[in-house]
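# What the coordinates show
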Amino acid sequence: MRTMRVLTLLLLVAVAGCGPAAQTPPAAPTTAPAAATEAAPVAGMTDRAAPTTAPAPLPVIGGTVTRAITAEPTSLDPHAAPGSGQNVILPYLFDTLVFRAMDNTYQPYLATGWEIAPDGKSVTFTLREDVTFHDGTPLNAGAVAFTFKRFKEAKTSAGEGLASMTGVEALDDYTVRFTFSEPSAVFFSTLATPYAGIVSPAAVEAAGDAFGQQPVGSGPFKFASWQQGTEVVLERNPDYRWSPAPITNPGAPYLERVVFKVIPDASTQLAALQADEVDLIFVNAPNHIEKLKADPSVELIETRLNSLIYLGFNCARAPLDEVQVRQALAHAVNKEEILMAALGGTGQVAFAPMAPTLPGFDPSLRQYELGYDPARASALLSEAGFAPAADGTLARNGQPLNLTLLTFARAPNEDVATLLQSQLKAIGVNVTVQQYDTPTAAKAATEGQYDLLLWRYDRNDADVLNINLHSSRIGSSNRFGYSNPQVDELLDRAARELDEAARARYYVEAQKLIMADAPWQPLYVPVDVLAIKKRVQNYHLASMGRILLNEAQVLTQ
Amino acid sequence: MAGYVLRRLAGALLMLLAVSLIVFILLDVAPGDAAHTLAGDLASQEQLAAVRHELGLDQPLLVRYARFVEGVVLRGDLGASIVSGRPVAVLLVERFGATLKLALAALGLALAVGLLLGTLAAVRAGGYLDLAVMAGATLGESLPSFWAALLLIQVFALQLGWLPVVGAGSPKHLVLPAVTLALPAIALLARLARSCLLDVRSADFVRTARAKGLGPLLVWRDHLFRNAILPVITILGLYLGHVLGGAFIVETIFAWPGLGRLVVQAIFDRDVPVVVGAVLLIALIYQGLNLAVDLLHALLDPRVGHEAL
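Criteria and thresholds
- Residues numbered from 1 in each chain as written.
- Chains lettered and ligands numbered in written order.
- Predicted model: local features only at pLDDT ≥ 70, side-chain atom pairs only at ≥ 80, totals over all residues.
- Heavy atoms only, no water.
- Helix = DSSP H or I, 4+ residues; strand = E, 2+ residues; numbered from the N terminus.
- Buried < 20%, exposed > 50% of the residue type's maximum accessible area, 1.4 Å probe, protein only.
- Contact = heavy atoms within 4.5 Å.
- Areas by Shrake-Rupley, 256 points an atom, 1.4 Å probe, with all protein chains shown as cover.
- Axes fitted to C-alpha atoms, helices over the stretch in contact; angles between N-to-C directions.
- Parallel < 35°, antiparallel > 145°, perpendicular 65-115°, else oblique.
- Nonpolar A, V, L, I, M, F, W, Y, C, P; charged D, E, K, R; others polar.
- Pairing = 2+ DSSP bridges.
- Patch = residues over 30% accessible without salt bridge, like charges linked within 9 Å, V, L, I, M, F, W, Y side chains within 5 Å.
- Salt bridge = Lys/Arg side-chain N within 4 Å of Asp/Glu carboxyl O.
- Phe/Tyr/Trp six-rings, centres within 6.5 Å; stacked < 30°, edge-to-face > 60°.
- pLDDT = per-residue confidence, 0-100.
- 1 Å grid on protein atoms, 1.4 Å probe; cavity = no way out; pocket = protein on both sides within 12 Å on 5 of 7 lines; lining within 4 Å.
- Points joined across faces, edges and corners; volume = space filled by probe spheres on them.
- Buried area = accessible area lost by both parts, 1.4 Å probe.
- Polar contact = N/O pair within 3.5 Å; in protein donor to acceptor, adjacent residues only side chain to side chain.

What follows covers the overall build of chain A. The helix and strand tally for chain A stands at 15 helices and 26 strands. Counting all 557 residues of chain A, 58% fall into the buried class. Across chain A, contacts joining residues at least 24 apart in sequence account for 70% of those joining residues at least 6 apart. Counting only carbon and sulfur atoms, one obtains 53% of the accessible surface of chain A, whose full area is about 21600 Å².

Below is the structure:
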């Protein structure tokens, strides 16, 4: 037994990478952080919300950071179908033209600068000239043009933002121009997503369909191996010199390896973290968070997602086609109770259709919220002609108010749905919960086979409102049958507006109308809690839940 | 005997054809299709239609099925995953290796521990040992595997630190999932072995053997065990078929890269070729195991041999 334990320890030590002869970085020996002088070995839990600014020991190359992933990607090709969890791994392998900062502004990355034509119908980028792919070929304007033609042709929903792009051409080796049929406000946010990562044309041509299994980009780490069902291993790219702005390390990453372990079960992820088998997990379950709060080796950080959980109303189906009825149901929802009971108080109550991290969100919209007010709910329903029957159920013309609530199977939807059911029951509305696997639920939702829809969106751009609520999308992504010509007009203008402030104003105006029409009752903004071992130092949190490891290091015990 | 085996194989072929058709129909009836998976949650109808057309999903069911059968029969090609584009055969081989390893480890464990406990209980029937084994068997059978798995992780990985929580790299990684998977089988086998041994012990031929003056060891080995093992083999065949089909819960909890996780994910993605390929593989395994069990019966029990073969 004893030897077993020693063996395990040795294994851990090996994994931790404090192996023999740690080399000094060939890349940046002179730029050892000045912070090293004030080194406090185990710092970094000072400010929970901000990226760690912990002083690190002198950077030595080595070490492995292991991250648990719930779903195994089907492909690591940036242009493959999104949604299988590849967006977690892609940013380490691929770089993008621009970098999205925490405040949703765009900063140079592979592009050193760009110029938007006065009519907004073309954007010209100047590229860095020192970038090479992992296969040694240069990253130039030709590669960028190749990438975006391929991305657009892939016809995935990630490429939605390229809809009005009519062409992309290399003007010279390091200048590339995109042209559009009309100005596209969603273009830059599309550029910054991992799905717009620049791929090596030579590697794509050589690998063909297998590119997703052996991806070649220009990122800080390169693909090393993929054991199906178990793990994806990346190794440091020693030639890396093009970190985006928040990174102070101008050279290659210090970590030798980044490993993504596929662990589908949340309890197992927790156990693996506690057993030091992984360094980094995301936790949702309130009881898991409680457990980790007591663990001194773990730092917990709430990350903000561009996501929203909402209750949607089927505006095409009686009696929810009446705005009064929708408003009444919205008033019956107690969001605080949902947040406390189902999520243990994590997350934040939502009032506007736009997630608070997206442009176009405005705190002043709170005054238009249809807040919790059961008396108002009952009054509205009685105005609409509903009266309580003998058993307390509301009915009109002998028709009881029975509604279905559709949602997909994922924690904590079941708890939230049950709470909604009981809250609506309190004003005399009977709700039947239908919870299905995601594809089944999505199909039923798209076909409008529901009254109430408990759903969520995850989208990095404000165009999420265009996608969900524009009347031209009825029958596909507008699952609510919601149509308001004034809203459509504002959304259209926002989609063409390249000035961020003006665009945000259109969205604020649109939201005022939407909130009055109540196709949605926004419920809450989910929070993912990142649990990371304190031995991992100098990582950076970036927008869209990204964790940059360009200058991260692991402390050796 | 050869004729019998041939007949069985022909039956198996028909069976596989039927199974593949049923899976095609079931996945066709299920809401949603792979185009949803590929194009994403927010895709427009045009995007979906384009993806469907590209994949041939807009063709009628029978056309798609005929294409699939043609591919299998003429080219021995199970097709490629719609979602990842990788050949189904490759996916199955990758995952089946891990499943086989886990299944065999669990089987070996179940066989060794289950038979040993069952025999001990039979020998000491009515005693404390018997009582303990049977109580343990009840517990082992009724423990849900997800709970047993978490308990084992808690004790052996976190408290004692002897074994890793997840992974599939070394024999050590195999221990916890194999034990979890073997627990119900150990319980079942112990109970079965005990009752069979007790049944056979009071049979006439055993009394005769004793009366002939055979020593207890010989009686146990040649008369008791050989007869009592037959139901055990039947059960083992079924059990092995079950675990070779992929033990989804155990694979999920221990992040074991087996067939079960592949199939369940493929079902959620509506990735028809992968589901059909995997179900065919599982059906084939069941057929093979059934045949093996029957042949083994004939080998061990001369009475079966003459009638059936």
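Now for the packing of helix 9 (residues 204-212) of chain B against helix 10 (residues 216-244) of chain B. Residue and element names in this part refer to chain B. In the contact formed by helix 9 and helix 10, the axes pass within 10 Å of each other and the chain directions differ by 175°. When the axis of helix 9 is compared with that of helix 10, the two are roughly antiparallel. Across from Phe-205, Val-206, Ala-209 and Arg-210 in helix 9, the residues of helix 10 making contact are Val-219, His-223, Leu-224 and Asn-227. A class-by-class count of the residues in the contact of helix 9 with helix 10 yields 5 nonpolar, 2 polar and 1 charged.

Right, let's talk about the sheet that holds strand 17 (residues 399-400) of chain A for a bit. Strand-to-strand pairing in sheets goes through backbone hydrogen bonds, with the strands running parallel or antiparallel. All names here are of chain A. Spatial ordering of the open sheet is given by 15-16-17, a layout of 3 strands whose pairing is antiparallel. Edge positions in the sheet fall to strand 15 (387-388) and strand 17, since each of these pairs with one other strand and no more. Note that strand 15 and strand 16 (residues 394-396) share 2 bridges and pair antiparallel. Bridging across to strand 16, Ala-387 finds its partner in Ala-395.

Take a nonpolar patch on the surface next. Residues and elements named next belong to chain B. A cluster of nonpolar side chains, namely Phe-146, Trp-147, Leu-151, Val-155, Phe-248 and Ile-249, defines an oily patch on the protein surface of about 530 Å² accessible area. For the nonpolar patch, the secondary structure elements donating two or more residues are helix 7 (145-159) and helix 11 (248-253). If one sorts the elements of the nonpolar patch by residue count, helix 7 sits on top with 4 residues. Val-155 gets classed as partly exposed once you look at its relative accessible area, which sits at 36%.

What follows is about the packing of aromatic side chains. Following the criterion strictly, the structure yields 26 aromatic pairs over all chains and no others. Each member of the aromatic cluster is reached from another via a ring pair, and the members are Tyr-106, Trp-114, Phe-125, Phe-148, Phe-151, Phe-178, Phe-180, Phe-187 and Phe-188 of chain A.

Right, let's get into the confidence of the model for chain B. Residue and element names in this part refer to chain B. Looking at chain B, pLDDT values average 83 and 96% of them are 70 or higher. Taken element by element, the predicted model of chain B shows its lowest mean pLDDT in helix 14 (residues 302-308) (56) and its highest in helix 5 (residues 88-123) (88). Note on the complex model: pTM 0.82, ipTM 0.81.

What follows deals with the layout of surface pockets. Space inside the second largest pocket adds up to approximately 1300 Å³. At the level of secondary structure, the elements contributing two or more residues to the lining of the second largest pocket comprise helix 3 (141-153) of chain A together with helix 2 (34-39), helix 3 (45-55), helix 4 (61-75) and helix 13 (272-300) of chain B. Looking at the lining of the second largest pocket, its residues break down into 17 nonpolar, 12 polar and 10 charged.

A few words on the environment of Val-433 of chain A. All names here are of chain A. If you trace the backbone, Val-433 turns up in strand 19 (residues 430-436). Linking Val-433 and Leu-453, residues 20 residues apart in sequence, is a C-alpha distance of 9.7 Å. Discounting residues that sit within four places of it in the chain, Val-433 has contacts with Leu-405, Ala-417 and Gln-421.

Looking now at the pairing of strand 20 (residues 452-458) of chain A. All names here are of chain A. Judged by how many residues are buried, strand 20 sits mostly within the fold: 6 of 7 residues are covered. Of the pairings in the sheet, the one linking strand 13 (residues 307-313) to strand 20 comprises 7 bridges and is antiparallel in character. Bridge assignment links Phe-313 to a residue of strand 20, and that residue is Leu-452.

Looking now at unusual backbone geometry. Residue and element names in this part refer to chain A. For the bond running from Ala-318 to Pro-319, omega is 0°, close enough to zero to count as cis. Take Pro-319: it is sitting in the loop between strand 13 and helix 8 (323-331). Positive phi, close to 65°, is recorded for Asp-276, a residue that is not glycine. Looking at the element boundaries, Asp-276 is found in the loop between helix 6 (266-274) and strand 11 (280-283).

Facing the 37 residues of chain B at the interface are 43 residues of chain A. For the pair chain B and chain A, the summed buried area comes to about 3500 Å², and 58% of that belongs to carbon and sulfur atoms. At the junction of chain B with chain A, the criterion picks out 2 salt bridges. Linking Glu-72 of chain A and Arg-95 of chain B is a salt bridge whose minimum nitrogen-to-oxygen distance equals 3.1 Å. At the surface where chain B touches chain A, the tally comes to 7 residue pairs in polar contact (both at pLDDT 80 or more).

Of all the 9 residues making up helix 12 (residues 438-446) of chain A, 7 are buried; the element is thus mostly covered by neighbouring parts of the structure. When we look at burial in helix 12 of chain A, the residues that qualify are Pro-439, Thr-440, Ala-441, Ala-442, Ala-444, Ala-445 and Thr-446 of chain A. The inward-facing, buried residues of helix 12 of chain A abut strand 18 (402-408), strand 19 and strand 20 of chain A together with helix 3 and helix 12 (259-269) of chain B. Taken from the residues just after helix 12 of chain A, Gly-448 of chain A is the one with a positive phi, measuring 70°.

Looking now at the sheet that holds strand 13 of chain A. All names here are of chain A. Read across the sheet, 6 strands follow the order 14-21-13-20-18-19 without closing on themselves; strand pairing throughout is mixed. Each having just a single partner strand, strand 14 (348-349) and strand 19 make up the two edges of the open sheet. In this sheet, strand 21 (residues 520-525) lies alongside strand 13 in antiparallel orientation, the contact comprising 4 bridges. Pairing of Gly-312 across the sheet is with Trp-520, part of strand 21.

In this section: the pattern of salt bridges. Under the defined criterion, the tally for this structure stands at 25 salt bridges over all chains. Between Asp-294 of chain B and Arg-8 of chain B there is a salt bridge whose closest N-O contact spans 2.7 Å. Of this pair, Asp-294 of chain B sits in helix 13 while Arg-8 of chain B sits in helix 1 (residues 2-29), and the two are 286 residues apart along the sequence. A salt bridge links Asp-28 of chain B to Arg-64 of chain B, with the nearest nitrogen and oxygen atoms 2.8 Å apart. Taken together, the positions of Asp-28 of chain B in helix 1 and Arg-64 of chain B in helix 4 put the pair 36 residues apart, joining distant regions of the chain. A single network of salt bridges, built from pairs that share partners, joins Lys-335, Arg-366 and Glu-369 of chain A.

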